[in-house]
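Chain and residue survey
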Amino acid sequence: MRVYLVVIDESEEALTALHFAARRAAKTDGTVHLLAVVAPQPFNAFAGVQATIEEEARSRAEALATSAAGSLLSESGRMPVISVIQGEAEKVVRDYLAEHPEVSALVLGAAKDGGPGPLVQHFTGHLSHLHCPLFVIPGALSAEDIERVS
């Protein structure tokens, strides 16, 4: 079974990557893993405030991943694997791939305008370190384009 890893956040490009991965998974009898990364929060001298800030960030990431999973479930009938991990995004993704050798492809979305995002930039610059293909989905693709190319 093919496993497509999508790093999910609030960006439009993440939704484009998710749509592509969902279509590929449906066509290859595969599944999708959703990875929401909770960025480290700026240090606050008051431990109670710091804990609240970190919990709110984690709650937002979990809600986002759950919403994306619900959309994927209603579209494909399959529930994705959801992981919410705190840390620096590049390291979290590298570690996730190392711990999950079943992942067949990392699927990232590129923005419609401007340069590549930090994850696209990082992983396209370090392709030799990946054990799976990297799909970078252009943000300008329509739903019909994604259906056609997936």
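Small disclaimer: the values here were computed from a predicted structure and weren't measured. Each residue is numbered by its place in its chain's sequence as written, counting from 1. In view of the model being predicted, local features appear only for residues whose pLDDT reaches at least 70, and side-chain atom pairs are presented and counted only at 80 or more, with totals across whole chains, interfaces and linings using the full set of residues. For side-chain calculations, the full set of non-hydrogen atoms in the structure is used, while hydrogens and water are omitted.

1. Here's the deal with the overall build of the chain
Secondary structure summary: the chain contains five helices and five strands in total. In this description a helix means any DSSP run of H or I spanning at least four residues, a strand means any run of E spanning at least two, and both kinds are numbered starting from the N terminus. Its helices and strands in sequence order give the chain the pattern β-α-β-α-β-α-β-α-β-α, from N to C terminus. At 16 Å, the chain has a C-alpha radius of gyration in line with the 15 Å of a compact globule built from 150 residues. Principal-axis analysis of the C-alpha atoms gives the chain an extent of 50 × 35 × 35 Å. When a residue's accessible area, from a 1.4 Å probe over protein chains only, is under 20% of the maximum for its type it is buried; when over 50% it is exposed; and in between it is partly exposed. Counting only residues that meet the buried cut, the chain has 39% of its 150 residues in that class. Should any heavy atoms of two residues lie within 4.5 Å, those residues are considered in contact. Of all intrachain contacts in the chain linking residues separated by at least 6 positions in sequence, the fraction that spans at least 24 positions is 73%. Approximately 8000 Å² of the chain is accessible, and the part contributed by carbon and sulfur atoms is 55%. The reference for a compact globule is 2.2 Å times residues^0.38; the radius of gyration itself is calculated from the C-alpha atoms. Accessible surface area values rest on a Shrake-Rupley calculation with a 1.4 Å probe, where residue burial reflects the displayed protein chains alone.

2. Some points on the sheet that holds strand 4 (residues 105–109)
Criterion used throughout: strands pair if DSSP finds at least two bridges between them. Strand order across the open sheet formed by five strands is 3-2-1-4-5, with parallel pairing between neighbours. If you trace the sheet from one side to the other, it starts and ends with strand 3 (81–86) and strand 5 (134–137), each paired once. Going across the sheet, the axis of each strand differs from the next one's by a mean of 25 degrees, ignoring polarity. The pairing of strand 1 (residues 3–8) with strand 4 spans three bridges and is classified as parallel. Counted as the bridge partner of Leu-5 is Leu-106 from strand 4. Axes here mean lines fitted to C-alpha atoms, for a helix over just the part in contact, with angles spanning 0 to 180 degrees between N-to-C directions. Its contacts with the sheet put helix 3 (residues 89–99) on strand 1, strand 2 (31–38), strand 3 and strand 4, and the angle it makes with strand 2 is roughly 145 degrees. Of the strands in this sheet, strand 1, strand 4 and strand 5 touch helix 4 (residues 118–125), which is tilted by about 140 degrees from strand 4.

3. A few points about the nonpolar core
Here the nonpolar core consists of buried residues drawn from Ala, Val, Leu, Ile, Met, Phe, Trp, Tyr and Cys, with membership extended through side-chain atoms lying within 4.5 Å. Membership of the largest hydrophobic core comes to 24 residues, with the highest contact counts inside it found for Val-6, Ile-8, Leu-18, Val-32, Leu-34 and Val-107. Of all the secondary-structure elements, those providing two or more residues to this core are strand 1, helix 1 (12–28), strand 2, helix 2 (47–76) and strand 4. Counting residues per element, this core draws most heavily on helix 1, which supplies seven residues. For Leu-18, the contacting residues outside a window of four places in its chain are Val-6, Ile-8, Val-32, Leu-34, Ala-68 and Leu-72. Grouped together as the second largest cluster of nonpolar side chains are 17 residues, Leu-5, Val-7, Phe-123 and Leu-134 included.

Honestly, it's all geometry; don't read function into it.
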